[in-house]
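# Close look at the chain arrangement
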Amino acid sequence: MDARYASLKGRPVFISGGASGIGEGLVRAFAEQGARVAFVDIAAAQGEELAAELGGDVFFAQCDVTDTVAYQAAIHALAEKTGPFRVLLNNAAHDERHQLETLTPEYFDGRVAVNFKHMFFAVQAVLPGMVAAGGGSVVNFGSTSWMMPSRHLSVYAALKAGVHGMSRALAKDHGKMGVRFNTLLPGWTMTKRQLDLWVTPESEKEIDANQLLPGRVMPVDIAAMALFLASEDSKMITGKEFIVDAGWI
Ligand SMILES: NC(=O)c1ccc[n+]([C@@H]2O[C@H](COP(=O)([O-])OP(=O)(O)OC[C@H]3O[C@@H](n4cnc5c(N)ncnc54)[C@H](O)[C@@H]3O)[C@@H](O)[C@H]2O)c1
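To keep things clear, this report deals only with the structure shown in the data block. Being a predicted model, the structure only gives us computed values, none of them experimental.

### Details of the pairing of strand β1 (residues 12–16)
Counting buried residues in β1 gives 5 out of 5 residues, a clear majority hidden from the surface. The two faces of β1 match: Pro12, Phe14 and Ser16 on one face and Val13 and Ile15 on the other face are all buried. Looking at chain direction, β1 and strand β2 (residues 36–41) are connected through 5 bridges and run parallel. Bridge pairing links Val13 to Val37 in β2.

Given below as structure tokens:
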């Protein structure tokens, strides 16, 4: 990472879903900036391993973000270690494929819980401390999947489109309190999960045909935008969307 943000040094940062994929890239990037990083994930072993590797000011708690009571309790407990969060990265999600024909109300609610609902309740948990500490930056993770659009992801895609409305509405409600809300949309990013499950020789050709830039979008490329949106260098930016997709057309 080229950039160094003085405003992130020592800053308490909270990241959901930080044990693997883009979230792991975020944890590493913020730790590299000297931030005080707290993260949760359902994957205990991976989370503990990452926190142990990075050491010092990186704190992990195993937590299922769909359990709202436990999630808010975990956020408060981690804030005791880092100080009130000035940055919240609502990253956790699950892009399991589904079809309209076989949707059940229970499955639908489960998709909402893992892809959307927890973002609101994380904001609710961090907001009072953030405002009292002088304001902060919330980055909600969207997706370009509903713009491309992708197959068999209709509920996920609808929720990810909803993240734009969430960020804009919360930006309006809390701007005067010094809290910023933006949406970061990763394009197709080469996490281990994507490579294991969805990236095939055919889709490699699709990526090459659709991306304006050569190469592949990696978690570190998403983290670079997250660092900027979290830092004071973006202090006059709120209620907006930022796409990192190597110029997918
Ligand atoms: N990778 C991509 O191509 C891509 C594209 C567009 C948007 N995104 C978005 O970027 C963000 C990160 O995506 P990713 O590809 O790294 O996802 P991922 O599935 O690889 O990782 C998500 C992380 O969240 C954790 N998690 C899942 N369910 C959880 C739960 N109930 N409680 C706590 N933790 C849980 C997982 O264990 C994992 O560590 C998501 O918001 C996703 O929608 C990713």
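Here the narrative resumes, following the displayed structure.
### A short note on unusual backbone geometry
With phi around 55°, His152 is a residue other than glycine that occupies positive phi space. Within the secondary structure, His152 sits in the loop between β5 (136–141) and α5 (154–174). We classify His152 as partly exposed; its relative accessible area is 39%. Within the chain, Ala246 stands out as a residue other than glycine whose phi angle is a positive 60°.

### Quick word on the site of the ligand
The environment of the ligand is made up of 25 residues, and the closest members are Ile22, Asp41, Asn91, Tyr156 and Thr189. At 2.6 Å, a side-chain N or O of Asp41 approaches an oxygen atom of the ligand. Protein chains bury 91% of the 820 Å² of accessible surface belonging to the ligand in isolation. Breaking the shell around the ligand down by element, the ones donating at least two residues are α1 (21–32), α5 and α6 (192–197). Residue classes in the shell around the ligand are distributed as 10 nonpolar, 11 polar and 4 charged.

### Some words on the packing of helix α4 (residues 105–132) against α5
At a minimum axis distance of 10 Å, the contact between α4 and α5 shows a crossing angle of 15°. One element, α4, and the other, α5, form an angle in the roughly parallel class. The hand of the α4/α5 crossing is right-handed. Residues Phe108, Arg111, Val112, Asn115, Phe116, Met119, Phe120, Val123 and Leu127 of α4 form the contact with α5, whose participating residues are Val155, Tyr156, Leu159, Lys160, Gly162, Val163, Met166, Leu170 and His174. Taken together, the residues that form the contact of α4 with α5 break down as 13 nonpolar, 3 polar and 2 charged.

### A closer look at the pairing of β5
The buried fraction of β5 is high, at 6 of 6 residues. Burial along β5 is two-sided: the residues Gly136, Val138 and Asn140 and Ser137, Val139 and Phe141 are all buried. Where strand β4 (residues 87–90) lies against β5, 4 bridges are found, and the strand directions are parallel. What sits directly across from Leu88, in β5, is Val138. Pairing analysis gives 6 bridges linking β5 to strand β6 (residues 179–186), with the strands arranged parallel. Residue pairing across strands places Asn140 opposite Thr183, the latter belonging to β6. In this region the chain leaves β5, passes through α5 and returns to the parallel neighbour β6; the handedness of that crossover is right-handed.

### With respect to the packing of aromatic side chains
Per the stated rule, a full pass over the model turns up 4 aromatic pairs. On the numbers, 5.0 Å between centres and 45° between planes, the contact of Phe39 with Phe60 is tilted. Here Phe60 lies in strand β3 (residues 58–62) and Phe39 lies in strand β2, a separation of 21 residues in the sequence. On the basis of relative accessible area, Phe39 is assigned to the buried category, the value being 0%. Put simply, the rings of Phe14, Tyr71 and Phe85 touch in pairs and so form one group of aromatic residues. Its end group placed over the ring of Trp198, Arg97 keeps NZ or CZ at 3.8 Å from the ring centre.

The rules behind each value
- Residues numbered from 1 in each chain as written.
- Predicted model: local features only at pLDDT ≥ 70, side-chain atom pairs only at ≥ 80, totals over all residues.
- Heavy atoms only, no water.
- Buried < 20%, exposed > 50% of the residue type's maximum accessible area, 1.4 Å probe, protein only.
- Helix = DSSP H or I, 4+ residues; strand = E, 2+ residues; numbered from the N terminus.
- Pairing = 2+ DSSP bridges.
- Near = heavy atom within 4 Å.
- Polar contact = N/O pair within 3.5 Å; in protein donor to acceptor, adjacent residues only side chain to side chain.
- Areas by Shrake-Rupley, 256 points an atom, 1.4 Å probe, with all protein chains shown as cover.
- Nonpolar A, V, L, I, M, F, W, Y, C, P; charged D, E, K, R; others polar.
- Axes fitted to C-alpha atoms, helices over the stretch in contact; angles between N-to-C directions.
- Parallel < 35°, antiparallel > 145°, perpendicular 65-115°, else oblique.
- Left-handed = near helix turned anticlockwise from the far one by under 90°.
- Contact = heavy atoms within 4.5 Å.
- Right-handed = clockwise from strand over helix to strand, strands pointing away.
- Phe/Tyr/Trp six-rings, centres within 6.5 Å; stacked < 30°, edge-to-face > 60°.
- Lys NZ or Arg CZ within 6 Å of the ring centre and 35° of its normal.

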